[in-house]
Amino acid sequence: MGDQLIFTYDIDGSDFTRAGEASSSVKNKLKMLGVNSEIIRRVAIAMYEGEINMVIHADGGQITVTVSDDDIVMVLTDKGPGIPDIGKAMQEGYSTARPEVRSLGFGAGMGLPNMKRYTDQMEIDTVVGKGTTITMKVAF
């Protein structure tokens, strides 16, 4: 490839029915680029979990995906409430999702753990009251 491809998505925080559109779009673009199916699966799962978290907790945000010869980097940025306790948030099953969100089948507390599990590298930069930026990398 030689160059980088950059895709940017605005995530609507008020619409659960559209949650997942960005990760689905990236999945299709990576297929067209001939990326290995296991890499695509990992990227799609990690990005979907992040996208859902942005809808549930942060009233949306923005995702930038950079595809290079070596890796795929996803940067998820929101202006939500921030994560007060990253350690707790990384525990499987821990969730701060509202009951109405849980009734829709979301908010099981697997988002961040799955994001970490399916990526090679994940960094969380969060400020309570200001927002969160999560950077994830999947290497080829």
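Scope of this entry: the structure provided in the associated data block.

Cut-off values and rules
Residues numbered from 1 in each chain as written. Predicted model: local features only at pLDDT ≥ 70, side-chain atom pairs only at ≥ 80, totals over all residues. Heavy atoms only, no water. 1 Å grid on protein atoms, 1.4 Å probe; cavity = no way out; pocket = protein on both sides within 12 Å on 5 of 7 lines; lining within 4 Å. Points joined across faces, edges and corners; volume = space filled by probe spheres on them. Helix = DSSP H or I, 4+ residues; strand = E, 2+ residues; numbered from the N terminus. Nonpolar A, V, L, I, M, F, W, Y, C, P; charged D, E, K, R; others polar. Pairing = 2+ DSSP bridges. Axes fitted to C-alpha atoms, helices over the stretch in contact; angles between N-to-C directions. Contact = heavy atoms within 4.5 Å. Parallel < 35°, antiparallel > 145°, perpendicular 65-115°, else oblique. Left-handed = near helix turned anticlockwise from the far one by under 90°. Phe/Tyr/Trp six-rings, centres within 6.5 Å; stacked < 30°, edge-to-face > 60°.

**Structural notes on the layout of surface pockets**
Next, step 1: The computed volume of the largest pocket comes to approximately 700 Å³.
Next, step 2: What lines the largest pocket is a set of 37 residues, and nearest its centre among them are Asn53, Ile56, His57, Thr96 and Leu112.
Next, step 3: For the lining of the largest pocket, the secondary-structure elements that each account for two or more residues are helix 2 (37–58), strand 3 (71–78), helix 5 (111–117) and strand 5 (131–139).
Next, step 4: For the lining of the largest pocket, the element with the most residues is helix 2, which contributes nine residues.
Next, step 5: Grouping the amino acids of the lining of the largest pocket by side-chain chemistry returns 19 nonpolar, 14 polar and four charged.

**Overview of the sheet that holds strand 3**
To summarise the sheet geometry, strands pair through backbone hydrogen bonds and adopt either a parallel or an antiparallel arrangement.
Next, step 1: Sheet architecture is open: five strands sit in the order 1-2-3-5-4, paired in antiparallel fashion. Whereas interior strands pair on both sides, the edge strands pair on one side only; in this sheet they are strand 1 (5–12) and strand 4 (121–127). Averaged over all neighbouring strand pairs, the angle between strand axes comes to 10 degrees, with direction disregarded.
Next, step 2: Bridge analysis of strand 4 against strand 5 gives seven bridges, and the strand direction is antiparallel. Note on strand 5: the bridge partner recorded for Met122 is Met136.
Next, step 3: Sheet strands touched by helix 1 (residues 21–32): strand 1, strand 2 (60–67) and strand 3. Its angle to strand 1, the strand with the most contacts, is close to 160 degrees.
Next, step 4: Strand contacts of helix 2: strand 1, strand 2, strand 3 and strand 5, with the helix running at about 5 degrees to strand 3, the strand carrying the most contacts.

**A few points about the packing of helix 1 against helix 2**
For any two helices packed against each other, the geometry is given by the interaxial angle and the distance between the axes.
Next, step 1: Taken N-terminus to C-terminus, the directions of helix 1 and helix 2 make an angle of 165 degrees; their axes are 8 Å apart at the nearest point. Judged by the angle between their axes, helix 1 and helix 2 are roughly antiparallel. Handedness of the helix 1/helix 2 crossing: right-handed. Between helix 1 and helix 2, the residues in contact are Glu21, Ala22, Ser23, Val26, Lys27, Leu30 and Lys31 and Ile40, Val43, Ala44, Met47, Tyr48 and Glu51, respectively.
Next, step 2: In the contact of helix 1 with helix 2, the residues fall into eight nonpolar, one polar and four charged.

**Some details on the environment of Thr133**
Next, step 1: Position of Thr133 relative to the elements: it lies in strand 5.
Next, step 2: Distance from Thr133 to Asp78, taken between C-alpha atoms, is 6.5 Å for residues 55 residues apart in sequence.
Next, step 3: Other than its neighbours up to four places away in sequence, Thr133 contacts Val75, Leu76, Thr77, Glu123, Ile124 and Asp125.

**What to know about the packing of aromatic side chains**
Next, step 1: A complete count under the given rule lists one aromatic pair for this structure.
Next, step 2: Between Phe16 and Phe106 the ring centres are 5.1 Å apart and the planes differ by 25 degrees, which places this aromatic pair in the stacked class. One end of the pair, Phe16, is in the loop between strand 1 and helix 1; the other, Phe106, is in the loop between helix 4 (99–103) and helix 5, with 90 residues separating them in the sequence.

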